[in-house]
2 protein chains.
Amino acid sequence: MNENVNGGLRDNTLYVIPLGGLEEVGGLNMTVLEYNGDIVVIDAGLMFPEEDMLGIDFVIPDFTYLLENREKIRGIVITHGHEDHVGALPFMLKELPVPVFGTPLTIGLIREKLKEHHLEDSEMHAVRPRGRISLGVFDIEFIRVTHSIVDGVALGIETPVGRVIHTGDFKVDPTPVDGELLDFKTFAEYGEKGTALLLSDSTNAEKGGFTFSEKEVRRAFENVFARAKGRIIISTFSSNIHRIQQAIDVAASYGRKVVLCGRSIVSNAQIALDLGYLKIPRETWLKLENLKDVPDDQAVIITTGSQGEPMSVLTRIATGEHKQIQIKEGDTVVLSAKMIPGNERSIGRIINHLFKRGANVIYEKVSEIHVSGHASKEELKLLMNLVKPKYFMPVHGEYRHLCIHAGLAAKQGIPRENIFIMGNGDILEISPEGAVQAGKVGTGRVFIDGKGDVEEMVLRDRMRIAHDGVVIVLLGVEKLTGGIISGPDVVSRGFIFEDASPEFVSDVKDFLSETIAGLDKEIIADSALLQAKIRSTLKKYLRNTLDRRPLIMPIIMEV
Amino acid sequence: MNENVNGGLRDNTLYVIPLGGLEEVGGLNMTVLEYNGDIVVIDAGLMFPEEDMLGIDFVIPDFTYLLENREKIRGIVITHGHEDHVGALPFMLKELPVPVFGTPLTIGLIREKLKEHHLEDSEMHAVRPRGRISLGVFDIEFIRVTHSIVDGVALGIETPVGRVIHTGDFKVDPTPVDGELLDFKTFAEYGEKGTALLLSDSTNAEKGGFTFSEKEVRRAFENVFARAKGRIIISTFSSNIHRIQQAIDVAASYGRKVVLCGRSIVSNAQIALDLGYLKIPRETWLKLENLKDVPDDQAVIITTGSQGEPMSVLTRIATGEHKQIQIKEGDTVVLSAKMIPGNERSIGRIINHLFKRGANVIYEKVSEIHVSGHASKEELKLLMNLVKPKYFMPVHGEYRHLCIHAGLAAKQGIPRENIFIMGNGDILEISPEGAVQAGKVGTGRVFIDGKGDVEEMVLRDRMRIAHDGVVIVLLGVEKLTGGIISGPDVVSRGFIFEDASPEFVSDVKDFLSETIAGLDKEIIADSALLQAKIRSTLKKYLRNTLDRRPLIMPIIMEV
């Protein structure tokens with residue numbers, strides 16, 4: 001799988017190798033920094049499957065390169081606790097037990113996740129913003145950023161060839177909920193001391209202007225609370241502690257009590273409470289079992305399921321399958337989240353169900369109930385002008401995002417030849433002589449389905465049978481004589497409903513019988529040949545009669 | 001399939017029965033009006049498949065109700081030429097050869113479509129806006145609206161119980177490209193004379209304010225043309241004649257020549273040219289084969305593929321598979337269309353490819369290069385206030401759109417009990433005594449795959465095997481003795497790649513052999529029992545070992 005054409009690395013050269021996150025939005029983020037014998041890894045994210053990855057639970061980067069260089073790895077540094085930055089960590093730590101570094105909340109979230117994989121004994125270190133660690137030749141500073149999760153950082157990395165900044169995910173929120181701004185001072189210091197390379201978040205590079213502050217959502221919540229006459233159910237991402245905090249604050253100001261409902265939101269909130277990132281007034285917190293004792297106009301339920309996930313609390317509420325919470329006339333349901341592309345239809349279905357049960361539903365399309373966590377164009381420009389990098393590499397995005405982000409950098413005066421639009425596995429070399437993109441390490445995507453990974457070949461078969469089903473032809477052949485002793489029988493799945501089309505099935509059998517009767521005994525005696533013959537003639541027959549292309553599996557039983 | 005619980009219809013009562021379009025956005029639009037012995041059908045639309053309709057080409061409404069009442073049908077009236085209003089017509093006309101009525105362009109587009117289905121001999125009538133037709137007891141007036149296709153109309157229907165208006169799809173464009181406004185005067189006349197029932201387009205009921213005029217796109221085109229130094233490639237919907245006209249007009253004003261490229265766009269443009277809806281200056285029109293003779297800064301290519309359709313011209317250009325057109329540095333590609341939900345990822349991939357080949361790509365997210373064809377909230381309110389209906393039925397939308405649209409109507413003073421949020425197949429009765437929703441006719445969706453329809457059962461199997469594949473267990477059993485004479489063998493598709501996991505396959509075989517060895521001879525001799533046993537034990541085994549749930553097909557060959 002790995003075709004490392006970069007066998008011998010040169011000394012005194014910094015190698016920057018993105019293993020994932022450069023061909024996808026929201027996923028697989030993983031970057032390798034290597035200098036002489038030292039490797040530091042930044043982030044280890046997963047990606048949720050695209051629509052053609054049938055049956056896949058999630059996708060992780062192929063980290064063969066790290067396995068082959070395991071003795072060089074000094075540690076992995078995580079910028080923040082979102083799945084697309086930490087989700088591959090359990091898979092990586094299983095094979096590469098290296099120390100993990102992150103801010104306190106990030107480590108708290110990781111610790112919980114590792115427990116599920118029985119990896120709680122992994123070496124983990126919590127580092128606060130402005131804290132520093134040394135990993136081999138690299139000196140790494142944690143620089144606070146604002147994002148849709150608390151305690152996110154950029155990394156400022158001192159290397160022998162100059163300073164490298166990796167932004168992680170960020171936006172420039174002028175009014176953060178906790179009052180903790182992005183660390184302008186530190187970024188500016190890097191700009192003044194000189195930065196060799198900036199790797200910056202391209203997720204929102206398509207968007208003009210500034211991203212709204214997280215605080216804007218508070219105003220939207222206040223509008224909802226001012227009008228709601230019954231219960232208020234708010235669904236959001238379980239990791240968005242500030243969103244949850246704002247819902248709680250507004251609820252408290254309206255004298256409402258709050259139930260947190262759903263495994264992930266309760267677990268994340270507990271971690272955030274323990275670490276002091278979330279505050280719930282004692283009189284506001286309500287247990288689910290006491291919800292029934294509170295009048296509707298004093299109740300708020302905060303939960304997950306804003307993406308229409310089938311097993312989530314919100315979906316179960318919407319379809320009437322939740323044991324404790326049933327929607328009633330007068331309820332207000334707020335989906336405080338972006339509709340992630342690919343999820344619109346399932347989210348739409350949930351909204352329809354909620355409306356049908358009498359709720360008033362407030363969602364992104366009808367109200368400003370969500371803001372993004374990623375920097376828009378003006379913020380991206382601001383950050384590069386603060387940091388003043390010599391070299392620039394847009395990260396976190398598909399090619400179009402990287403390309404547009406690169407265009408912004410060029411307009412800010414970074415010479416085109418100093419801007420590197422790379423793909424996963426591409427290698428950027430930085431030495432005192434300059435920077436050059438050269439070579440590639442093996443990389444790719446690993447598809448996780450259930451407990452194991454899945455080959456691409458299997459995925460292709462799934463696509464094929466998913467579209468036109470599978471047709472199995474059974475034939476018993478006497479080995480010696482080449483005589484047909486049973487069949488041809490035809491069984492199918494996902495092709496036609498055989499009980500409803502008995503004539504068609506019998507037509508197919510007749511066609512096959514005729515075909516086989518016309519074959520030479522020698523072909524019949526050779527099961528590989530016979531299979532090929534059945535496959536090709538039946539394929540043509542089904543294309544002509546039904547215009548369908550099922551997977552055809554001839555099964556010959558030789559007796 | 002049809003459960004018409006409305007067996008005996010009462011005399012002197014108008015029945016309004018939506019057979020499709022009330023549970024979906026952009027699809028299946030079909031409404032039946034019935035009075036005494038007369039039926040008129042409004043529109044016959046298809047829907048493109050949702051992500052879980054694997055292998056389905058498109059979906060049409062189940063029109064069993066019409067088949068059962070064929071002798072009553074006086075005609076079908078089409079509001080405009082979009083697929084979600086005409087796409088089911090060929091399937092309907094094959095079984096119900098009734099006369100078709102529409103405006104000249106709509107009929108022109110239908111004629112072309114019917115040719116492909118060898119139905120060009122169908123009875124078709126072109127009617128201009130403000131024209132009237134009589135179909136049985138119904139007097140129908142065509143009322144001009146503005147929409148993203150030329151020559152769209154609403155229908156004003158005089159019935160013995162009062163006037164009914166069906167808006168079709170519309171927006172209130174203050175500056176239409178051809179200067180033809182929505183027919184305010186006629187709508188206002190209905191309002192003054194009195195309208196019993198308004199059925200109105202709910203597609204954009206979630207959107208506040210007014211939808212932008214189609215003319216706004218001209219300004220965006222002018223910005224693109226002012227900056228482009230090379231060729232300009234514009235992709236849009238082939239039916240959006242006004243969009244194409246504006247691209248041509250701006251091209252002409254910049255002295256550029258225009259190539260129309262792609263089957264559907266050429267065919268639609270030809271129909272529109274013949275009927276006078278499109279005008280191309282002679283010196284502007286260029287043939288594809290002459291493109292190479294024109295300098296890049298004088299060339300414009302207009303084509304389709306704005307949804308990332310795999311076989312479209314734009315996709316082939318983007319992936320380097322188009323024979324005559326290769327992207328080069330300096331090309332500007334404009335996707336002048338909405339990203340339809342579900343298509344974002346494939347559109348994104350096309351944009352990535354175009355950027356990689358050096359084009360500058362301009363699309364909805366980065367520029368105001370598209371406007372919607374559907375009325376936003378203010379326009380919806382304006383129309384109901386013009387028409388002043390006694391009863392109101394929101395149509396064209398999922399439940400949430402209908403619900404929000406109904407809320408607008410209530411705010412405009414239509415009593416809640418006069419507003420009918422219905423589902424497909426629901427029956428609204430209007431008589432001099434009043435309006436009441438009562439009963440239901442059988443309806444549903446028919447899935448078209450290739451040349452035929454597909455049962456729901458087959459779709460469910462496809463979903464199942466799509467996610468975890470199919471595992472086939474083969475076993476040869478001697479009928480008389482119950483002895484195993486061959487197998488168990490295991491073949492799979494879309495499950496695991498057997499060559500890569502030989503140990504797992506042999507584990508499964510061993511497990512099955514043990515299971516079978518432990519079975520009573522009687523069970524082995526009864527193939528139905530044996531199949532059930534194999535299915536249940538293997539299911540459990542695969543869930544425990546791999547956490548996967550493939551479709552298991554035990555095949556017993558008895559000799």
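Worth saying up front: this structure is predicted, and the values here are computed from it rather than measured.

## Brief notes about the overall build of chain A
Regarding its fold elements, chain A presents 16 helices and 26 strands. Per-residue burial over chain A gives 60% buried out of 559 residues. At a minimum sequence separation of 6, the contacts of chain A that also span at least 24 residues come to 71%. A total of about 22200 Å² of accessible surface is found on chain A, and carbon and sulfur atoms cover 49% of it. The averaged location of the 78 negative side-chain charges in chain A is 5 Å from the averaged location of its 64 positive side-chain charges.

## Some words on the confidence of the model for chain A
All names here are of chain A. Residues of chain A with pLDDT of at least 70 account for 97%, and the chain-wide mean is 90. When the criterion is pLDDT under 50, residues 1–6 qualifies, and its contacts beyond four places in sequence or with other chains add up to 19 contacts. Interface predicted TM-score (ipTM) for the complex: 0.80; the corresponding pTM is 0.84.

## Quick look at the domain arrangement of chain A
Residue and element names in this part refer to chain A. Considered domain by domain, chain A is made up of domain 1 (14–209 + 372–447), domain 2 (215–362) and domain 3 (455–558). Between the C-alpha centres of domain 1 and domain 3 the distance comes to 51 Å. The partner domain 3 presents five residues to the six residues of domain 1 that form the contact. Across the domain 1 to domain 3 interface the summed buried area is about 470 Å²; carbon plus sulfur atoms make up 79%. Counted by class, the side of domain 1 that touches domain 3 contains four nonpolar, one polar and one charged residues.

## Description of the pattern of salt bridges
Residue and element names in this part refer to chain B. For the structure shown, the criterion picks out 43 salt bridges over all chains. Glu222 is the partner of Arg218 in a salt bridge, and the nearest nitrogen-oxygen pair spans 3.1 Å. Here the residue Arg218 and the residue Glu222 both occupy positions in helix α6 (residues 215–227), the gap between them amounting to four residues, near one helical turn. The exposure class assigned to Arg218 is partly exposed, which follows from its relative accessible area of 25%. Of the residues examined, Glu222 reaches a relative accessible area of 29% and is grouped as partly exposed. Where Asp489 meets Lys509, a salt bridge forms, and the shortest distance between an N and an O atom there is 3.8 Å.

## A closer look at unusual backbone geometry
All names here are of chain B. The backbone phi angle of Leu28 is positive, close to 60°, even though this residue is not glycine. One non-glycine residue, Asp547, adopts positive backbone phi at about 60°. Since its relative accessible area comes to 31%, Asp547 is described here as partly exposed.

## Points about the interface of chain A and chain B
On the chain B side, the residues contacting the 63 residues of chain A number 63 residues. Our enumeration of links across chain A and chain B arrives at one salt bridge. A salt bridge links Glu206(A) to Lys365(B), with the nearest nitrogen and oxygen atoms 4.0 Å apart. Connecting chain A to chain B are nine residue pairs in polar contact (both at pLDDT 80 or more). When contributions to the side of chain A that touches chain B are tallied by element, the ones reaching two or more residues are α10 (344–356), α12 (399–411), β23 (452–454), α13 (456–468), β24 (470–477), β25 (484–493), α16 (527–546) and β26 (551–558) of chain A. Looking at side-chain class alone, the side of chain A that touches chain B contains 29 nonpolar, 13 polar and 21 charged residues.

## Remarks on helix α6 (residues 215–227) of chain A
Residue and element names in this part refer to chain A. Along α6, the residues that are buried comprise Val217, Ala220, Phe221, Val224 and Phe225. Viewed end-on, α6 has its buried residues packed into an arc of 140°, placing them on one side of the element. Across from the buried face of α6, at angles greater than 90 degrees, the exposed residues are Arg219, Ala226 and Arg227. On its buried face, α6 sits against β13 (232–235), α7 (241–253), β16 (299–303), β17 (332–335) and β18 (360–362).

## Observations regarding α16(A)
Along its 20 residues, α16(A) runs 27 Å from first to last C-alpha, staying within 8% of the 28 Å computed at 1.5 Å per residue. Every buried residue belonging to α16(A) is among Leu530(A), Ile534(A), Thr537(A), Leu538(A), Tyr541(A), Leu542(A) and Leu546(A), and all of these are buried. In a view along the axis of α16(A), the buried residues occupy a sector of 135°, so they form one face of it. Away from its buried face by more than 90 degrees, α16(A) exposes Ala528(A), Lys540(A) and Asn544(A). Buried residues in α16(A) make contact with β24, α14 (502–517), α15 (521–525) and β26 of chain A together with β22 (445–449) of chain B. A positive backbone phi angle near 60° is found at Asp547(A), which sits one or two residues after α16(A).

## A look at the environment of Ile60(A)
All names here are of chain A. Within the fold, Ile60 resides in strand β4 (residues 58–61). As for Ile60 and Leu33, which are separated by 27 residues in sequence, their C-alpha atoms are 19 Å apart. Excluding its chain neighbours within four sequence positions, the residues that come into contact with Ile60 are Leu28, Gly45, Leu46, Ala88, Phe91, Gly444, Arg445, Val446 and Ile448.

## Observations concerning the relation of the copies chain A and chain B
Each copy superposes on the other: chain A lies on chain B with an RMSD of 0.2 Å after a rotation of 180° and an axial shift of 0.0 Å. The superposition operator between the copies reduces to a two-fold rotation axis. Taking the C-alpha atom as reference, chain A places Ala466(A) closest to the rotation axis, 2.3 Å from it.

## Notes on the pairing of strand β11 (residues 162–166) of chain A
The two faces of a sheet get side chains in turn, since along a regular strand they alternate between them. Residue and element names in this part refer to chain A. Counting buried positions along β11 gives four out of five residues, so the element sits mostly inside the fold. Count of turn residues in the strand β10 (residues 153–159)/β11 antiparallel hairpin: two residues. Sheet topology note: the β11/strand β12 (residues 195–201) ladder contains three bridges and is parallel. Bridging across to β12, Ile165 finds its partner in Leu198. A crossover links β11 with its parallel partner β12, the connecting element being helix α5 (residues 184–193), and its sense is right-handed.

## Things to note about the sheet that holds strand β1 (residues 14–20) of chain B
All names here are of chain B. With mixed pairing, the eight strands of this open sheet are ordered in space as β7-β6-β5-β3-β2-β1-β20-β21. Looking at the sheet topology across the chains shown, the edges are occupied by β7 (124–126) and β21 (434–440). Each strand axis lies, on average, 20° off the axis of its neighbour in the sheet, ignoring direction. Most of the contacts of helix α4 (residues 104–116) go to β7, to which it runs at about 155°, and overall it touches β6 (100–102) and β7.

## Some details on the environment of Val505(B)
Mapped onto the secondary structure, Val505(B) falls in helix α14 (residues 502–517). Put simply, Val505(B) and Asp489(B) are 16 residues apart on the chain and 9.2 Å apart in space, counted from C-alpha to C-alpha.

## A few points about the packing of aromatic side chains
Residues and elements named next belong to chain A. If you walk through the whole model with that rule in mind, you get eight aromatic pairs over all chains. Taking the centre distance of 4.2 Å and the plane angle of 15° together, the rings of Phe511 and Tyr541 count as stacked. You can see Phe511 sitting in helix α14 and its partner Tyr541 sitting in helix α16, a full 30 residues away along the chain. Sitting over the ring of Phe91, Lys94 keeps its end group 5.3 Å from the ring centre.

## With respect to a negative patch on the surface
On the surface, a cluster of negative charge is made up of Glu503(A), Asp507(A), Asp510(A) and Glu514(A). The residue Glu503(A) is located in helix α14 in this model.

## Notes on the side chain of Asp43(A)
Residues and elements named next belong to chain A. Note that Asp43 resides in the loop between β3 (38–42) and β4. Summary of buried charges: Asp43 has no salt-bridge partner, and the nearest side chain of opposite charge, Lys113, is 13 Å away. Here Thr79 takes part through its backbone nitrogen, which lies 2.8 Å from a polar atom of the side chain of Asp43. In contact with Asp43, other than residues within four places in its own chain, are Asn29, Met30, Thr31, Ile76, Val77, Ile78, Thr79, His80 and His85.

## Points about the side chain of Gln307(A)
All names here are of chain A. Positionally, Gln307 belongs in the loop between β16 and α9 (313–318). By relative accessible area, Gln307 is classed as buried at 5%. The contact partners of Gln307, leaving out residues within four places of it in the chain, are Phe237, Ala337, Lys338, Met339, Ile340, Asn343, Ser346 and Ile347.

## Focus: the environment of Glu141(B)
Residues and elements named next belong to chain B. Its place among the elements puts Glu141 in strand β9 (residues 138–144). Judged by its relative accessible area of 7%, Glu141 falls in the buried class. With 338 residues separating them along the chain, Glu141 and Lys479 place their C-alpha atoms 73 Å apart.

What counts and how
- Residues numbered from 1 in each chain as written.
- Chains lettered and ligands numbered in written order.
- Predicted model: local features only at pLDDT ≥ 70, side-chain atom pairs only at ≥ 80, totals over all residues.
- Heavy atoms only, no water.
- Helix = DSSP H or I, 4+ residues; strand = E, 2+ residues; numbered from the N terminus.
- Buried < 20%, exposed > 50% of the residue type's maximum accessible area, 1.4 Å probe, protein only.
- Contact = heavy atoms within 4.5 Å.
- Areas by Shrake-Rupley, 256 points an atom, 1.4 Å probe, with all protein chains shown as cover.
- Lys, Arg positive; Asp, Glu negative; His and termini not counted.
- Charge placed at Lys NZ, Arg CZ, Asp CG, Glu CD.
- pLDDT = per-residue confidence, 0-100.
- Domains from an automatic or database assignment.
- Buried area = accessible area lost by both parts, 1.4 Å probe.
- Nonpolar A, V, L, I, M, F, W, Y, C, P; charged D, E, K, R; others polar.
- Salt bridge = Lys/Arg side-chain N within 4 Å of Asp/Glu carboxyl O.
- Polar contact = N/O pair within 3.5 Å; in protein donor to acceptor, adjacent residues only side chain to side chain.
- Arc of directions from axis to C-beta.
- Expected span 1.5 Å × (residues − 1).
- Least-squares fit on C-alpha atoms with pLDDT ≥ 70 in both.
- Pairing = 2+ DSSP bridges.
- Right-handed = clockwise from strand over helix to strand, strands pointing away.
- Axes fitted to C-alpha atoms, helices over the stretch in contact; angles between N-to-C directions.
- Phe/Tyr/Trp six-rings, centres within 6.5 Å; stacked < 30°, edge-to-face > 60°.
- Lys NZ or Arg CZ within 6 Å of the ring centre and 35° of its normal.
- Patch = residues over 30% accessible without salt bridge, like charges linked within 9 Å, V, L, I, M, F, W, Y side chains within 5 Å.

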